[in-house]
Amino acid sequence: MPLLPGAEPLRHDGGEVGVLLCHGFTGCPQSLRPWAEYLAERDLTVSLPLLPGHGTRRQDLAVTGWQDWYATVDLELRALRERCEQVFVCGLSMGGALALRLAARHGRAVDGVVVVNPAMTLPRLQGYALPVLRHLVPSTRGVTGDIAKEGVTEVGYDRVPLHAAHSLWHLLRVVRGELPRVTQPLLLLHSRVDHVVSPSDSALVLSRVSSRDVTETVLERSLHVATLDHDAERIFADSYGFITRLTARKTARDGA
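No experiment lies behind these values; they were computed from the predicted model shown.

Participant: Which residues make up the overall build of the protein, and what values go with them?
Facilitator: Helix and strand counts for the protein come out as eight helices and nine strands. In summary, the protein has a C-alpha radius of gyration of 17 Å against a globular reference of 18 Å for 256 residues, a match within 12%. Overall, the protein is about 60 × 35 × 35 Å in size when its C-alpha atoms are taken along their principal axes. A buried classification covers 55% of the 256 residues belonging to the protein.

Participant: Describe the pattern of salt bridges, with residues and values.
Facilitator: On inspection of all chains with the given rule, the structure shows 14 salt bridges. Between glutamate 76 and arginine 11 there is a salt bridge, with the nearest N and O atoms lying 2.6 Å from each other. Of this pair, glutamate 76 sits in helix α3 (residues 66–83) while arginine 11 is found in strand β1 (residues 10–12), placing the two residues 65 residues apart along the sequence. For glutamate 76, a relative accessible area of 12% puts it in the buried group. Of the residues examined, arginine 11 reaches a relative accessible area of 53% and is grouped as exposed. Residue arginine 234 is joined to aspartate 238 by a salt bridge in which the shortest nitrogen-to-oxygen separation is 3.4 Å. Pair noted here: arginine 234 and aspartate 238 are both in helix α8 (residues 232–255), with a separation of four residues, about one helical turn.

Participant: Tell me about the packing of α3 against helix α4 (residues 94–106), residues and numbers included.
Facilitator: One can describe the packing of α3 onto α4 by two numbers: an axis separation of 10 Å at closest approach and a directional angle of 60°. In this view, α3 runs oblique relative to α4, as classed from their interaxial angle. Regarding α3 and α4, the two cross each other, and that crossing is right-handed. Only Met94, Leu98, Arg101, Leu102, Arg105 and His106 of α4 make contact with α3, whose side of the interface consists of Trp66, Trp69, Tyr70, Val73, Asp74, Leu77 and Arg78. Its residues assigned to classes, the contact of α3 with α4 shows eight nonpolar, one polar and four charged.

Participant: Can you break down helix α7 (residues 199–208) residue by residue, with the values?
Facilitator: Within α7 the residues assigned to the buried category are Asp201, Ser202, Leu204 and Val205. Viewed along the axis of α7, the buried residues span an arc of 155°, placing them on a single side of the element. As for α7, its buried residues are in contact with α4, α6 (162–178) and β8 (186–191).

Participant: Describe the layout of surface pockets, naming the residues involved and giving the relevant values.
Facilitator: Its volume calculated, the second largest pocket comes out at about 330 Å³. Lining the second largest pocket are 14 residues, and of these Val110, Asp111, Gln184, Pro185 and Arg253 sit closest to its centre. Tallied by class, the residues present in the lining of the second largest pocket amount to three nonpolar, four polar and seven charged.

Participant: An account of the side chain of aspartate 201 is requested, with residue identities and associated values reported.
Facilitator: Take aspartate 201: it is sitting in helix α7. For the buried aspartate 201, no salt bridge exists, and the shortest N-O distance to an oppositely charged side chain is 7.1 Å, to arginine 176. Ignoring anything within four residues of it in the chain, the contact list for aspartate 201 reads Pro118, Ala119, Met120 and Thr121.

Calculation notes
- Residues numbered from 1 in each chain as written.
- Predicted model: local features only at pLDDT ≥ 70, side-chain atom pairs only at ≥ 80, totals over all residues.
- Heavy atoms only, no water.
- Helix = DSSP H or I, 4+ residues; strand = E, 2+ residues; numbered from the N terminus.
- Rg over C-alpha atoms; globule rule 2.2 N^0.38 Å.
- Buried < 20%, exposed > 50% of the residue type's maximum accessible area, 1.4 Å probe, protein only.
- Salt bridge = Lys/Arg side-chain N within 4 Å of Asp/Glu carboxyl O.
- Axes fitted to C-alpha atoms, helices over the stretch in contact; angles between N-to-C directions.
- Parallel < 35°, antiparallel > 145°, perpendicular 65-115°, else oblique.
- Left-handed = near helix turned anticlockwise from the far one by under 90°.
- Contact = heavy atoms within 4.5 Å.
- Nonpolar A, V, L, I, M, F, W, Y, C, P; charged D, E, K, R; others polar.
- Arc of directions from axis to C-beta.
- 1 Å grid on protein atoms, 1.4 Å probe; cavity = no way out; pocket = protein on both sides within 12 Å on 5 of 7 lines; lining within 4 Å.
- Points joined across faces, edges and corners; volume = space filled by probe spheres on them.
- Lys, Arg positive; Asp, Glu negative; His and termini not counted.

Written out as structure tokens, the structure reads:
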């Protein structure tokens, strides 16, 4: 099945610091490509995979589940650990949930976490209805394209397969339970106005993780897909600053 334009994964072999970026539900690498390229240009080793069922047609997503999406980023993280001295995980929306699960499960193999508008919940009525509704209605309206910046679009599906949404609901429930196991330094950026993921999801993350080094940044000018929106450059620069601060700290500690 041919890929949608921009859905191609991105991999760049750079230095000894690796970064794994995880895209969101029904989206594709296009939403994170400028971020990945920014980091690659600064000699980081970068992996931006395409999650199973994404980037082609929504029917392909309907026959995948959260275990498939997580297995992909888990494999990419293991490959980066073999290649790099330090590895950071980043994600947008559902990708943020995947990044937090990687941190919870891999412990010291992950050196830091950056999440943008991380998804932690589904609307309550939608979540409760999904087990039954997914057998009656194949799909509902899409969630891509929540961007304030004119002329910018997100590549993704215009419909959400409800079987996949039901699996997402399970993923988010699992990740919520694992948040206390996240101890790594955390940079969390969230939009003040978001029509896809409630800002309260970011508050939930901040209240449950065990990280001591936590930075919260509110994005005033962007909607959900902030990595393509007015605050994109700030996200890129802040994440790079976060990574370089932590790598410098580790280098100093190792040299002491």
